[in-house]
Amino acid sequence: MAGNEEGVRPTGTGRSEAAIARLKRSFAAQNFVLVVLFFLLLFMMPFAPGFKGWMAGQAALVIIYIMAAQGVSILTGYTGLVSVGHGGFLAIGAYTAALLTKYFAIDLALGVLAGGAMAGFVGMVMGLIFLRLAGPFMAIGTLGFAFFVGAVVNNVPLFEGRDGISLAPNRIFGMQIDDVGFYYVCLGFFALVTLFVFSLVRSGVGRALKALRDSEKAAQSSGVNRLFYRTLAFTISATITGAAGALNGLIAHYVSAEVYSDIWYSVDILVAAVVGGSAMLMGPIVGGAFVALLPFFLETLADFSFILKGVVLIAVLMFAPAGICEVIARPFRAYRRRRLERAAQGERGPERPAPPVAMVRKEANP
Amino acid sequence: MASHLRCEQILVRFGGVVACDKVSLDVEEGKIVGLIGPNGAGKTTLFNVLTRFQAHDAGHVYYRGELIDRKRPHEMVLMGMARTFQNINLFGEQSTLDNILIGAHRLTGSPIANMYSLPGSRRRERELARRAGEIAEMLRLSGQLDTAVKHLPYGFQKRVEIARALASEPRLILLDEPVAGCNDEETAELREVVKRINRELGVTVLMVEHDMSMVMNCCEHIYVVNFGANLAQGSPAEIRANPSVISAYLGQEVEA
């Protein structure tokens, strides 16, 4: 196809195309710099004056929440599937890491990877099972999955039920670490996951997922294998949430059925993804921080946070269904679109001659 | 000339309604073939059978001699078949460029390797974006590449859909009413586009269309279906002169 058009391209378009490409590159660079600055800020946080040791543990928990929400956002935001059962994957990650640490004394980093891998495997199987279910039916299926996981950890002796599994202090690469050390481990995994999601949604895979989300028929007629990509999305999503679960279990040195059979975990991380805006990189970050910090700021009224979360969720769904971040980003996106459109129109002008007709004529009388 | 897409005795029942009653057709490679018939004649159902969106109760479909009765829709794209929809089916929130790039899905390579945006995949992405730009140029969409398609006028959306289909570099393209709802100017333009796709890119075209000026002007061979069954076939001139076609469908409009 390429060869046919080179010679007949009207002059002028080349320059404006270059201008558009330059603009797009600079937008991408701006995004990247903002993300890097954000992580730099998190990296510097323990050095801030007034920072105390216990804050590191709290901050690590916030990051874990965010990671779990990032996992959910792969499904809800980019693939258009709702999972009300991601607490199940959180539990699988936590128990996998805890059992391996207890019986094989494996390294912290390895525990997190194993937790993610196990959750990812189960996620793949679940994805295959839920493939035939659409919309609300799949959501109910995932809810059933979370209850199933809860029942298993409550009743199978290996998981030690409500007594829970207690673990020795964490060691990474042979070193024993404190709360600040664990904060940096979480930050490292958080950065990896964010980088991965950033790259995933901009790749051909992200494009295929978004296509399935927007129109299954059109996606299939473009050659997207629905079965494969939905299962892939489920696997990736479960892996990320599972890794967060492993960190969640290891930071507490304790994993028990009382915590992980609680369905509210599933709801919380879904709310985190939806409130922030799950089709954006910043969405689960803002949403995860909101859900994790809310009880903390309400202090003695911590029980009140359930009500407040509900109110915020309803408000977001009514007034900003694409999430808080989408509302914040709207003026910036509009500004960038205007600049792109100006660049596109700049040298082209609206009354450029029609290339198809012109070219056909040219062929007719060489 | 070899047969590109062939179906034999296709039967589709929806409950008690027979949508396709033993329809057969044969699309020759490299030609522009039309499929016409009154409303409810089963054209779109047949289209969906050919593109595997609709299961058929009896009969066979062959793509270049290969039986494709059991293929799934996305597999047809991998084999070199692309389609558009009667009611535009685009990704409305996404830009023209992204819509065209989704069409290029079969050229993106291994998904497992693509997720990490390594240099190899990024090079391929740039190449795909460049080709998408060329397709947009051909369909006069260059100025709209970064506009969300839901903001585009109807005629533009029709062209975006054809651009998306072309992005998979098909050997055969099935157009379901490409000029429905378009004005004369847009129709004339799309007519040239279809001819160019066929002549310059060597793509075989099968189109369902109600606009007789489009069908008679573009198509080298026409199939007529009525009440789900084959009624006639032949060159535009033969179809124009066929009395059963005239009585069933064309009426007096054949003068055009």
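About the criteria used
- Residues numbered from 1 in each chain as written.
- Chains lettered and ligands numbered in written order.
- Predicted model: local features only at pLDDT ≥ 70, side-chain atom pairs only at ≥ 80, totals over all residues.
- Helix = DSSP H or I, 4+ residues; strand = E, 2+ residues; numbered from the N terminus.
- Buried ≥ 20, exposed ≤ 12 C-beta atoms within 10 Å, placed from the backbone.
- Rg over C-alpha atoms; globule rule 2.2 N^0.38 Å.
- Contact = placed C-beta atoms within 7 Å.
- Nonpolar A, V, L, I, M, F, W, Y, C, P; charged D, E, K, R; others polar.
- Expected span 1.5 Å × (residues − 1).
- Domains from an automatic or database assignment.
- pLDDT = per-residue confidence, 0-100.
- Core = buried A, V, L, I, M, F, W, Y, C linked by C-beta atoms within 7 Å.
- Axes fitted to C-alpha atoms, helices over the stretch in contact; angles between N-to-C directions.
- Parallel < 35°, antiparallel > 145°, perpendicular 65-115°, else oblique.
- Pairing = 2+ DSSP bridges.

K.L.:
What is the right way to look at the overall build of chain A in this model?
P.N.:
Assigned secondary structure in chain A consists of 16 helices and four strands. Sorting the 366 residues of chain A into buried and exposed places 43% on the buried side.

K.L.:
When you look at the overall build of chain B in this model, what are you seeing that I'm missing?
P.N.:
Assigned secondary structure in chain B consists of 10 helices and 10 strands. Scaling as 2.2 N^0.38, a compact globule of 256 residues should have a C-alpha radius of gyration of about 18 Å, and chain B matches this with 19 Å. The principal-axis extent of the C-alpha atoms belonging to chain B is close to 60 × 40 × 35 Å. Buried positions account for 48% of the 256 residues belonging to chain B. A separation of at least 24 residues holds for 68% of the contacts in chain B among residues at least 6 apart in sequence.

K.L.:
Where do I start with the interface of chain A and chain B in this structure?
P.N.:
A common way to express how large an interface is: the accessible area buried when the components associate. Of the residues lining the interface, 39 residues belong to chain A; the matching set on chain B comes to 43 residues. Put simply, the parts of the chain that give the side of chain A that touches chain B at least two residues each are α1 (2–5), α2 (13–44), α7 (179–202), α8 (204–214), α9 (216–221), α15 (324–348) and α16 (355–364) of chain A. In terms of residues, the side of chain A that touches chain B owes the most to one element, α8 of chain A, which gives seven residues. Among the residues forming the side of chain A that touches chain B, the class breakdown is 16 nonpolar, 12 polar and 11 charged.

K.L.:
Is there a simple way to think about helix α3 (residues 96–103) of chain B in this case?
P.N.:
Note that an α-helix has 3.6 residues per turn; residues three or four places apart therefore point the same way. Taken across its eight residues, α3 of chain B has eight buried, putting it largely inside the fold. What α3 of chain B keeps buried is the set T96, L97, D98, N99, I100, L101, I102 and G103 of chain B. In this structure, the buried side of α3 of chain B is in contact with α8 of chain A together with α5 (119–138) and α6 (154–167) of chain B.

K.L.:
Is there a simple way to think about helix α6 (residues 135–155) of chain A in this case?
P.N.:
A rise of 1.5 Å per residue sets the reference length of α6 of chain A, with its 21 residues, at 30 Å; its end C-alpha atoms lie 31 Å apart and thus fit the reference within 8%. Considering only its buried residues, α6 of chain A is in contact with α4 (86–104), α5 (108–130), α11 (257–260) and α12 (264–276) of chain A.

K.L.:
I'm lost on the domain arrangement of chain B in this one. Help?
P.N.:
Residues and elements named next belong to chain B. Split into domains, chain B comes out as domain 1 (1–80 + 171–256) and domain 2 (91–169). A straight line from the C-alpha centre of domain 1 to that of domain 2 covers 26 Å. With 10 residues of domain 1 at the interface, the matching set in domain 2 holds nine residues. When contributions to the side of domain 1 that touches domain 2 are tallied by element, the ones reaching two or more residues are α2 (73–79) and α7 (184–200). With four residues, the top contributor of residues to the side of domain 1 that touches domain 2 is α7. In the side of domain 1 that touches domain 2, the residues fall into eight nonpolar, one polar and one charged.

K.L.:
What am I meant to see in the confidence of the model for chain B here?
P.N.:
Should the pLDDT be low somewhere, the predicted coordinates at that spot are not to be read in detail. Residue and element names in this part refer to chain B. The share of residues in chain B with pLDDT of 70 or more is 96%, and the mean pLDDT across the chain is 89. Between residues 252–256, whose pLDDT stays under 50, and residues either more than four places distant or in other chains, the model counts five contacts. Per the prediction output, this complex has pTM 0.87; the corresponding ipTM is 0.89.

K.L.:
Help me understand the nonpolar core in this model?
P.N.:
Most often, soluble globular proteins have nonpolar side chains that are buried together. With 170 residues, the main nonpolar core has Y65, M67, C186 and L247 of chain A together with A163 and V205 of chain B as its most contacted residues. With 15 residues, helix α3 (residues 53–79) of chain A is the largest single contributor of residues to this core. Each of domain 1 (1–80 + 171–256) and domain 2 (91–169) of chain B accounts for three or more of the residues forming this core.

K.L.:
So what exactly am I meant to see when it comes to the packing of α8 of chain A against helix α10 (residues 226–252) of chain A here?
P.N.:
Angle between the axes and distance between the axes are the two parameters that describe a pair of packed helices. Residues and elements named next belong to chain A. The interhelical angle for the contact between α8 and α10, taken along N-to-C directions, is 110°, at an axis separation of 10 Å. Classified by the angle their axes make, α8 and α10 are roughly perpendicular. Packed against α8, whose contacting residues are A208, L209 and L212, the element α10 presents R226, Y229, R230 and A233 at the interface. Its residues assigned to classes, the contact of α8 with α10 comprises five nonpolar, no polar and two charged.

K.L.:
I tried to follow the environment of E189 of chain B on my own but got confused; where do I start?
P.N.:
Assignment of secondary structure puts E189 of chain B in helix α7. For E189 of chain B, a count of 21 C-beta atoms within 10 Å corresponds to the buried category.

K.L.:
I would appreciate a short explanation of the sheet that holds strand β3 (residues 32–36) of chain B in the present structure.
P.N.:
Strands pair in a sheet through their backbones, by hydrogen bonds, and they do so in one of two ways: parallel or antiparallel. All names here are of chain B. Taken in spatial order, the six strands make up an open sheet running β6-β7-β8-β3-β9-β10, and their pairing is mixed. Among the strands making up the open sheet, the edge pair consists of β6 (81–83) and β10 (229–234). For this sheet, the mean inter-axis angle between neighbouring strands, taken without regard to orientation, is 15°. Bridge count for β3 against strand β8 (residues 204–208) is four bridges, and the pairing is parallel.

K.L.:
Just checking my understanding: could you explain the packing of α3 of chain A against α10 of chain A for this structure?
P.N.:
All names here are of chain A. Following both chains from N to C, one finds α3 and α10 inclined at 170°, their axes separated by 9 Å at the closest point. Between α3 and α10, the angle is such that the two are roughly antiparallel. Tallied by class, residues from the contact of α3 with α10 come to 17 nonpolar, seven polar and one charged.

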